[in-house]
Amino acid sequence: MRDLFFIAFLGVFGLMGLRRPFLLVALYAYIDIVSPQRLSYFLLNSIPISAIAFALMVGAWLLVDDKKDCRFSARQGLMLLLLAWCGYTTLTADFPAEALTKWNWVWKAIIAGVFLPLVLRTRLRIEALSLFMVLCASTIIINGGMKTALSGGGYGVLNLMVENNSGLYEGSIISCVAISLIPIILWLSRHGTIFPADWKVKSFCYCLCLACLLMPVGTEARTGLVCIVVLAGLMLMRSKRKFVYGPLMLLAALVSIPFLPASFTQRMQTIENHQGDESASTRVAVWMWTLDYVKAHPGGGGFDNYLQNSFTYVAQSTVTDSGGTRVERRLVTDRSRAYHSAYFELLGEQGYFGFAIWALLHLICFIRTEAIRRAYRNRDGPDEAWIAPFALALQQGHIVYMIGSLFVGIAYQPFIFMMLALQIGLDTYLTRKRKAAAKQQLDAALALGHRAPA
């Protein structure tokens, strides 16, 4: 029954897209974020629905969409350069078969990041993609938030609708994404036009923010706790009432501690000492291995080259027995451990050149979004009041994601390329508006000059 529902839903969405082509963009976002093929028992598993949705989205734009306002930015050029370099490292990869498997979805995520700004030509389309990103992720977040509230969750225990914990269904990844979405959710609650910001929309948005905050608790992902602290700092920094909201945030954090599961607080304590936790210890060891590897292989080793790593690290644990409580240290040998960091993932797989392209792409997006925020922060007209808050929401979400990706290998996730596409689309949209306004002023001045008496 579940398979039939998904097929009917995707079919209806696809048919609606024939009349409104931009809905195919929303369909692509839904498939790449929710991954309904993972929720299917057998029918959708055998169909490349993501590739089909991508082809429909691009085909509809080529055939029927208006292209006169399309602009190509330098950041899209950087994405294409990153794509080409990833293709080269895939051809020369240390593990060709594994690298090809990852390439099969990475190339599509990057190309989508290049393509989406071309269709984000209006405020409505920019808001629509933001809304669909939130709603699609909320199908996972609401499920996880409710289960956390009812059962408390647990590390590796919280079931997010699927047994496979890859993609956004992995605890650390969904915790990072959920917290990064909070600024966009709050923006939609204040400036959204598709669903006007009445009490029902605001109530849903605030409850969804609560569910987002519960995700790190339910998954017991330390990455999520770091993201919450970063977001709280960013919001407090931009607040006009720092001395009011700062103590209130601290009070709320202290009050919530007794209500948190004991397993959550115990796991969060390992942030202070990475040697006390095997997961944290292996991450540091993998990062050291990556630095040594890239010194010997500056061009990187291609996707999934971590499979060849092998290292020995010192782990420590607290032991309590008849002799009392003591700290024991031991040497542990491990192999084929994943990077658990987007930064080291890029560095190890794509080398110095690929890492430089990737870092420059994110840096330019941050700088341009900050420039937009500053340029429009004092605009309070009905057509411009939404721009600065939206730029700030994208900026805060981007920073939270990038901080979270320090501890999770999510460099190529489709979600972040959609977020980058929103930033590029907003920039190119505003550039078109400024040029159109300047042209109107010039035409008006020329017309006035022609009418002036000799």
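Definitions and limits used
- Residues numbered from 1 in each chain as written.
- Predicted model: local features only at pLDDT ≥ 70, side-chain atom pairs only at ≥ 80, totals over all residues.
- Heavy atoms only, no water.
- Helix = DSSP H or I, 4+ residues; strand = E, 2+ residues; numbered from the N terminus.
- Contact = heavy atoms within 4.5 Å.
- Areas by Shrake-Rupley, 256 points an atom, 1.4 Å probe, with all protein chains shown as cover.
- Phe/Tyr/Trp six-rings, centres within 6.5 Å; stacked < 30°, edge-to-face > 60°.
- Buried < 20%, exposed > 50% of the residue type's maximum accessible area, 1.4 Å probe, protein only.
- Lys NZ or Arg CZ within 6 Å of the ring centre and 35° of its normal.
- Core = buried A, V, L, I, M, F, W, Y, C linked by side-chain atoms within 4.5 Å.
- Salt bridge = Lys/Arg side-chain N within 4 Å of Asp/Glu carboxyl O.
- 1 Å grid on protein atoms, 1.4 Å probe; cavity = no way out; pocket = protein on both sides within 12 Å on 5 of 7 lines; lining within 4 Å.
- Points joined across faces, edges and corners; volume = space filled by probe spheres on them.
- Nonpolar A, V, L, I, M, F, W, Y, C, P; charged D, E, K, R; others polar.
- pLDDT = per-residue confidence, 0-100.
- Expected span 1.5 Å × (residues − 1).
- Bend = angle between axes of the 7 residues up to and from the residue.
- Patch = residues over 30% accessible without salt bridge, like charges linked within 9 Å, V, L, I, M, F, W, Y side chains within 5 Å.

Asks: Which residues make up the overall build of the protein, and what are the values?
Replies: Broken down by element type, the protein carries 16 helices and two strands. In the protein, 76% of the contacts between residues at least 6 apart in sequence involve partners at least 24 apart. Carbon and sulfur atoms make up 65% of the accessible area of the protein, which totals about 22100 Å².

Asks: Can you break down the packing of aromatic side chains residue by residue, with the values?
Replies: Scanning the model with the defined rule gives 16 aromatic pairs in all. Each ring, one from Trp61 and one from Phe115, has its centre 5.5 Å from the other, and the planes form 85 degrees; the classification is edge-to-face. Here the residue Trp61 occupies a position in helix H4 (residues 49-64), and Phe115 occupies one in helix H6 (residues 96-119), the gap between them amounting to 54 residues. Of the two residues, Trp61 and Phe115, both sit in the buried class. Here Trp85 and Phe353 contribute two aromatic rings whose centre-to-centre distance is 4.9 Å and whose plane-to-plane angle is 70 degrees, an arrangement assigned as edge-to-face. In this pair, Trp85 is assigned in helix H5 (residues 74-91) and Phe353 in helix H14 (residues 342-376), connecting sequence segments 268 residues apart. Grouping aromatic residues by their ring pairs yields a cluster made of Trp187, Trp386, Phe390 and Tyr429. The ring centre of Tyr376 lies 4.6 Å from the NZ or CZ of Arg379, which sits over that ring.

Asks: Explain the nonpolar core residue by residue, including any values.
Replies: By size, the foremost hydrophobic cluster in this structure holds 109 residues, and its most contacted members are Leu116, Ile141 and Leu181. Beyond its immediate chain neighbours, meaning those up to four positions away, Leu116 contacts Val25, Met57, Leu129, Met418 and Ala421.

Asks: Any chance you could break down the pattern of salt bridges for me, citing the residues and the numbers?
Replies: Counted by the stated rule, this structure contains eight salt bridges. With a shortest N-O distance of 2.7 Å, Glu370 and Arg374 are connected by a salt bridge. A residue pair is termed a helical-turn pair when its members lie 3 or 4 positions apart in one helix, as Glu370 and Arg374 do in helix H14 at four residues. Bridged by salt links that share partners, the residues Arg75, Arg368 and Asp427 form one connected network.

Asks: Tell me about empty space enclosed by the protein, and please be specific about residues and values.
Replies: Empty space among the atoms becomes apparent when a probe as large as a water molecule is rolled across them. In the structure shown here, the tally under the stated rule is one cavity of 30 Å³ or more. Empty space within the largest cavity amounts to approximately 60 Å³. If you trace the largest cavity, you find it lined by Pro21, Phe22, Val25, Met57, Ala60, Trp61, Asp65, Phe115, Val119 and Arg125. Of all the elements in the fold, those that place two or more residues in the lining of the largest cavity are helix H2 (22-34), H4 and H6. Looking at side-chain class alone, the lining of the largest cavity contains eight nonpolar, no polar and two charged residues.

Asks: So, the confidence of the model for the protein: which residues are in play, and what are the values?
Replies: Confidence along the protein averages 83 in pLDDT terms, with 82% of residues attaining 70 or more. No element of the protein has a lower mean pLDDT than helix H12 (residues 262-268), at 55, and none a higher one than H5, at 95.

Asks: For helix H9 (residues 199-219), give the residues involved together with the corresponding values.
Replies: Here H9 is 21 residues long and its end C-alpha atoms lie 30 Å apart, about the 30 Å a rise of 1.5 Å per residue gives. Of all the bends in H9, the greatest reaches close to 25 degrees and is centred on Leu213; the proline Pro216 follows between one and four positions later. Residue Glu220 follows H9 closely and has a positive phi angle near 55 degrees.

Asks: How would you sum up a nonpolar patch on the surface? Please name residues and give values.
Replies: A cluster of nonpolar side chains, Leu124, Leu135, Ile142, Met146, Ile194, Phe195 and Phe204, forms an exposed patch at the surface whose accessible area comes to about 620 Å². For the nonpolar patch, the element with the highest residue contribution is helix H7 (residues 123-151), accounting for four residues. With respect to the helices and strands, the residue Met146 is situated in helix H7. With relative accessibility at 52%, the residue Met146 sits in the exposed group.

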